[in-house]
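Each chain is listed here by its residues.
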Amino acid sequence: MDELLREFIAETNEHLALFERDLVSLEQAREDARLVDDIFRNVHSIKGACSFLGLKRLESLLHAAENALGKLRDEALPASVIVTATLLGACDRVKTIVAALAQDGHEPDGGDADIVARLELGMRPCAVTAPAPVPAISERAAAQPTAANTIRVNLDTIERLMVEVSELVLARNQVMQTLRGRTDPEAALALQRWSQVTSDLQESVIKARMQPIGQAWAKLPRMVRDLARDLGKKIDLKLEGGETALDRQVLELVKDPFTHLMRNAADHGIETPAQRRHAGKSETGMVTLSARQEGSAIVITLTDDGRGIDPEGVRAAIRRGGFASDAELAIMSAHQLLQFVFHPGFTTAAKVTNVSGRGVGLDVVRSNAEKIGGTVEVASSLGRGTRFTIKIPLTLAIVPALLLECGGQRFAIPQTAVAELMHSSAEYPIEWIHGAPVLRLRGSLLPLVVLGDVLCLGESRRDEEQRLIVIIGYGARRFGIMVDGVDDAEEIVVKSLAPMLRGARFFAGSTILGDGSVVLILDPGPLAVLAGTVASDEPARAVPLPMLGGSAGGGGLLLFHAGSEAPKALRLISLLRIEEIASGQIDHVDGKPVVFYRDAALPLHLFGALPAGERQLLLIAAHDGRMCGFLADAVIDTVADMPALDRAQAGPGVLGVATIAGQPVEIVDAVHYMKAASARLPAPARSAA
Amino acid sequence: VSDFVAIQVGKQDFAVPVMQVRDVLRQQHLTPVPLAPRAVAGLLNLRGRIVTAIDLRIRLGLPPQAAGGDVAHVVVENGSELYALVVDSVGDVLPIDERQLEAVPSVLDQQWRAIASAVYPTGAGLVVLLDISRLVDLAPPRRAAS
């Protein structure tokens, strides 16, 4: 294709996006002379280019549109909904023609008499029949490309620049590492200067690839307008922070997610005007899309003030889709339930509309975000609205990474995934449940992955007391990776693996470090799956332990009511977690109570009759690889230190009685119940992790 | 006539098209890739590009070389990827007359037939020509036990 034509198409598509956006705004602010001016100019410049290139069909179509706009501008008539709809129709036709032009290199056959006639007709004042609801688009996107001071550069050129500058950074790192402490001061100065320039250059090239996120939003106002019309809803779209710049490559990857989320909000989120009125809300629903930069990440939130996500609906959909067993469902928190909306094939829509509900969408949103080291979370309040938060890295070209050591080999992991580093210790010991390691941390249970075992690196040092644990935050999921050591942090350039290695599910790629060595980059996603975090330990699920941590870990007690008037206590050191379960999870084996917990039968001790009610409070104690559950009526508090114990009252299952706050408290001997239980229960199956 | 680079693995002579050869390296430090196909010897850094090393002995089903034995890396390009073939030694450039090429004998081991494109008879014996694209077409890595 002719270079001139190619350029025309690129330019026209930009103009059309603006044309469309302004028209939708115009529909809102009926009599904004400045807007009409803008639109007119836009159409005029496309028309000019068309006549220059001899594109007759486009030219006559745009001429008609220009005429119509001319009349509008001369305030011969107000911009009615019909007028803007007609103009949008013309815009659509122009787009179709331009698309064909891009494909075939010439205008498609056919005429536009229909549109031209409607444009002429539409400009004649006429009785307007009840206009469809119209979404308001506030804040005209800030990202107005200025004509001056910009040039059009081929993307390949920018990409090549980026690759080259990345290599330059690596070469610089290598030189610095080799020459460290070996050069004379003069050379060191020159080296430093060179290093600085390299960093600046890198930054500039990254900036050159940056585009305002608003560009990915350009189509949204029109989309929301059409959606609102199709669905008979009133929707206000508010765009904030459209000027936030991010890497072009990242932008491409998040374009589709925006569309999905927006459709979702319009179809599932916002109610019909009647429903909204009934719920005491304003008839017009509000959808806000906002972006802001937070360090090296971009945080994008999409908030609607619609009906919210009904946890019960989600529960039913999970059951329908067979995504989780009833037992799993019974112990899930609302937060955990919600995250299932990102599950492939998940839908709560009872009927499939042409807008959404086909069960594709949100899983794509999540996989797209995770592909680039980002995360997606959802929070919702029934009847008040839903908020999706997408967090994505600013750029993919150069990634800050942490270097880990395991089995004598180094691995890199993106810093964005690392939540914190810690050592296991007497205070935070690694505990094993049927061969699966876990760590008790700030009142919740963190599943651990032994990297050496996962990667079959041989020789694991599991018995050692002090193990380094890299805590990974992957979206709402948290888990720990046990490694042998942690090295420096380093900026790395991600290189893809050879095709034969792309199936290696734990690696996202490889990179060359400053010292010239090659290291593999760990992919937190598959490790999270391995840790089984999808269906387990998010903080929201565990009932938080008040004050746990600090010195409380060792001698502290958990006070609770169970069976009797007098409170009981369990030593915090043997308490693994507290969980709410459904009464249905409790069963009997050989006449003894057990609770079905994570695919295994956990021996249970009741301090009296089974409390009434559907939900039960389960205290899970673990010691030396054995576990036992206790049913409590209510948790009272924790105490930091073990008070003096009157052992005279000790007996089977009772360590003794202590006086706490003037009250006698029976201290439960958890180990006794575990021993008793393990004698009668076969070892439960090894858990998935 | 086209040129090939002669390589030796075990007692056998092989040859790869010189057009695909990018470099010949001495023993290199390799970064092992956990859970990769067995024939993948590791990754190495060649002037800022990452090269996947394939142990030709394992690829051919031969016993691994005795520890401490000398090896050479023949870096070849396939598609846009670079691979280093780990071989026992590298010989000279061998001009090969295509008209004298023989089909791969059907009695040859299946593993060898899969990556051999032809056999070239010389005065010193038979040379097996290797098809790089088939050589690097390895089964996906084995899965870790879950």
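Structure's up top.
Bear in mind that the values here come from a model prediction, so they are computed numbers and not experimental data.

Caption draft 1: Representation of the overall build of chain A in the model. Of the regular secondary structure elements, chain A holds 19 helices and 31 strands. A total of 689 residues make up chain A; the buried ones form 48% of that total. Within chain A, counting contacts between residues at least 6 apart in sequence, those at least 24 apart form 68% of the total. Split by element, the accessible area of chain A, about 31,000 Å² in all, is 53% carbon and sulfur.

Caption draft 2: Looking closely at the overall build of chain B. Of regular secondary structure, chain B possesses three helices and 10 strands. Along chain B, helices and strands appear, N-terminal first, in the series β-β-β-β-β-α-β-β-β-α-β-β-α. In chain B, which comprises 146 residues, the proportion classed as buried is 47%. When contacts within chain B are restricted to residue pairs at least 6 apart in sequence, long-range pairs at least 24 apart make up 56% of them.

Caption draft 3: Summary view of the pattern of salt bridges. Residues and elements named next belong to chain A. Following the criterion strictly, the structure yields 28 salt bridges over all chains and no others. When the shortest N-O distance is used, the salt bridge between aspartate 112 and arginine 93 registers 2.9 Å. Linking aspartate 112 in the loop between α4 (81-104) and α5 (113-122) with arginine 93 in helix α4, this pair joins segments that are 19 residues apart in sequence. Look at aspartate 112 and you get buried, because its relative accessible area is 6%. Note that lysine 281 and glutamate 271 form a salt bridge whose closest N and O atoms lie 2.8 Å from each other.

Caption draft 4: Broad picture of the interface of chain A and chain B. Listed by partner, the interface residues are 27 residues for chain A and 26 residues for chain B. When chain A packs against chain B, close to 2,000 Å² is buried across both sides, 69% of that on carbon and sulfur atoms. For the interface between chain A and chain B, the tally reads zero salt bridges. Taken together, the links from chain A to chain B amount to two residue pairs in polar contact (both at pLDDT 80 or more). Top element by residues in the side of chain A that touches chain B is strand β18 (residues 507-512) of chain A. It accounts for four residues. In the side of chain A that touches chain B, the residues fall into 18 nonpolar, five polar and four charged.

Caption draft 5: Seen up close, the sheet that holds strand β6 (residues 72-78) of chain B. Residue and element names in this part refer to chain B. Here we have five strands laid out as an open sheet, ordered β3-β6-β7-β5-β4, and mixed in their pairing. Pairing within the sheet leaves two strands with one partner each, and these edge strands are β3 (21-25) and β4 (40-46). Averaged over all adjacent pairs, the angle separating strand axes in this sheet is 30°, with direction ignored.

Caption draft 6: Just the packing of aromatic side chains, in detail. Residues and elements named next belong to chain A. Scanning all chains against the criterion turns up eight aromatic pairs over all chains. Seen in terms of ring centroids, tryptophan 217 and phenylalanine 258 are 5.9 Å apart; in terms of plane orientation they differ by 80°. Their pairing is edge-to-face. With a gap of 41 residues between them, tryptophan 217 in helix α8 (residues 214-217) and phenylalanine 258 in helix α10 (residues 248-269) connect regions that are remote in the sequence. Ring centres of phenylalanine 607 and tyrosine 673 lie 6.4 Å apart, and the angle between their planes is 85°; this geometry places the pair in the edge-to-face category. Taken together, the positions of phenylalanine 607 in the loop between β25 (600-605) and β26 (615-623) and tyrosine 673 in helix α19 (residues 670-680) put the pair 66 residues apart, joining distant regions of the chain. This pair shows no difference in class: phenylalanine 607 is buried, exactly as tyrosine 673 is. Through pairs of rings, three or more aromatic residues link up here, namely Phe560, Phe607, Phe630 and Tyr673.

Caption draft 7: Looking closely at the environment of valine 519 of chain A. Position of valine 519 of chain A relative to the elements: it lies in strand β19 (residues 518-522). Sequence separation between valine 519 of chain A and glycine 509 of chain A is 10 residues, and the spatial gap between their C-alpha atoms is 8.8 Å. Apart from the residues lying within four places of it in its own chain, the contact partners of valine 519 of chain A are Leu403, Arg410, Ala412, Ser510, Thr511 and Leu513 of chain A together with Thr31 of chain B.

Caption draft 8: Here's a closer look at the sheet that holds strand β1 (residues 2-9) of chain B. Residues and elements named next belong to chain B. Strand order in the open sheet formed by five strands is β8-β1-β2-β10-β9, and the pairing between neighbours is mixed. Of all strands in the sheet, those bounded by a partner on one side alone are β8 (89-96) and β9 (116-122). With strand direction ignored, the average angle separating the axes of adjacent strands in the sheet is 35°. Across six bridges, β9 lies against strand β10 (residues 125-130) in antiparallel orientation. Pairing of alanine 116 across the sheet is with leucine 130, part of β10.

Caption draft 9: The side chain of arginine 57 of chain A, seen in detail. Residue and element names in this part refer to chain A. Mapped onto the elements of the fold, arginine 57 is located in helix α3 (residues 56-73). At 2.9 Å, the side chain of arginine 57 forms a polar contact with the backbone oxygen of proline 108. Non-local contacts of arginine 57, meaning those with residues more than four positions away in its chain, are made with Arg93, Ile97, Glu107, Pro108, Asp109, Gly110, Gly111 and Asp112.

Caption draft 10: Local environment of the packing of helix α2 (residues 33-53) of chain A against α3 of chain A. Residue and element names in this part refer to chain A. Where α2 meets α3, the axes come as close as 9 Å, and the angle between the chain directions of the two elements is 155°. In terms of orientation, α2 lies roughly antiparallel with respect to α3. As α2 runs across α3, the sense of the crossing is left-handed. Of the residues in α3, those touching α2 at Val36, Asp37, Ile39, Phe40, Val43, His44, Ile46, Lys47, Cys50 and Ser51 are Leu58, Glu59, Leu62, His63, Ala65, Glu66, Leu69, Gly70, Leu72 and Arg73. In terms of residue class, the contact of α2 with α3 is made up of 11 nonpolar, four polar and five charged.

Caption draft 11: Focus on unusual backbone geometry. Residue and element names in this part refer to chain B. Of note, leucine 35 is a non-glycine position whose phi angle comes to about 65°, a positive value. Mapped onto the fold, leucine 35 is located in the loop between β3 and β4. On the basis of relative accessible area, leucine 35 is assigned to the buried category, the value being 8%.

Caption draft 12: Region of interest: the packing of helix α9 (residues 220-231) of chain A against α10 of chain A. Residues and elements named next belong to chain A. With their axes 10 Å apart at the nearest point, α9 and α10 run at an angle of 30° to one another. Taken together, α9 and α10 sit at an angle that is classed as roughly parallel. Crossing angle aside, the handedness with which α9 passes α10 is right-handed. Counted together, Leu220, Met223, Val224, Leu227 and Leu231 of α9 and Phe258, Thr259, Met262, Arg263, Ala266 and Asp267 of α10 form the full contact between these two elements. Its residues assigned to classes, the contact of α9 with α10 shows eight nonpolar, one polar and two charged.

Caption draft 13: Expanded view of the side chain of threonine 12 of chain A. With respect to the helices and strands, threonine 12 of chain A occurs in helix α1 (residues 3-28). Residues in contact with threonine 12 of chain A, not counting those within four places in the same chain, are Ile46 and Val98 of chain A.

Caption draft 14: Quick peek at helix α7 (residues 185-208) of chain A. Residue and element names in this part refer to chain A. The terminal C-alpha atoms of α7, which comprises 24 residues, lie 34 Å apart, in line with the 34 Å expected from a rise of 1.5 Å per residue. Burial in α7 covers these residues: Leu191, Ser195, Thr198, Gln202, Val205 and Ile206. Considering only its buried residues, α7 is in contact with α6 (155-179), β2 (210-212) and β17 (485-492).

What counts and what doesn't
- Residues numbered from 1 in each chain as written.
- Chains lettered and ligands numbered in written order.
- Predicted model: local features only at pLDDT ≥ 70, side-chain atom pairs only at ≥ 80, totals over all residues.
- Heavy atoms only, no water.
- Helix = DSSP H or I, 4+ residues; strand = E, 2+ residues; numbered from the N terminus.
- Buried < 20%, exposed > 50% of the residue type's maximum accessible area, 1.4 Å probe, protein only.
- Contact = heavy atoms within 4.5 Å.
- Areas by Shrake-Rupley, 256 points an atom, 1.4 Å probe, with all protein chains shown as cover.
- Salt bridge = Lys/Arg side-chain N within 4 Å of Asp/Glu carboxyl O.
- Buried area = accessible area lost by both parts, 1.4 Å probe.
- Polar contact = N/O pair within 3.5 Å; in protein donor to acceptor, adjacent residues only side chain to side chain.
- Nonpolar A, V, L, I, M, F, W, Y, C, P; charged D, E, K, R; others polar.
- Pairing = 2+ DSSP bridges.
- Axes fitted to C-alpha atoms, helices over the stretch in contact; angles between N-to-C directions.
- Phe/Tyr/Trp six-rings, centres within 6.5 Å; stacked < 30°, edge-to-face > 60°.
- Parallel < 35°, antiparallel > 145°, perpendicular 65-115°, else oblique.
- Left-handed = near helix turned anticlockwise from the far one by under 90°.
- Expected span 1.5 Å × (residues − 1).

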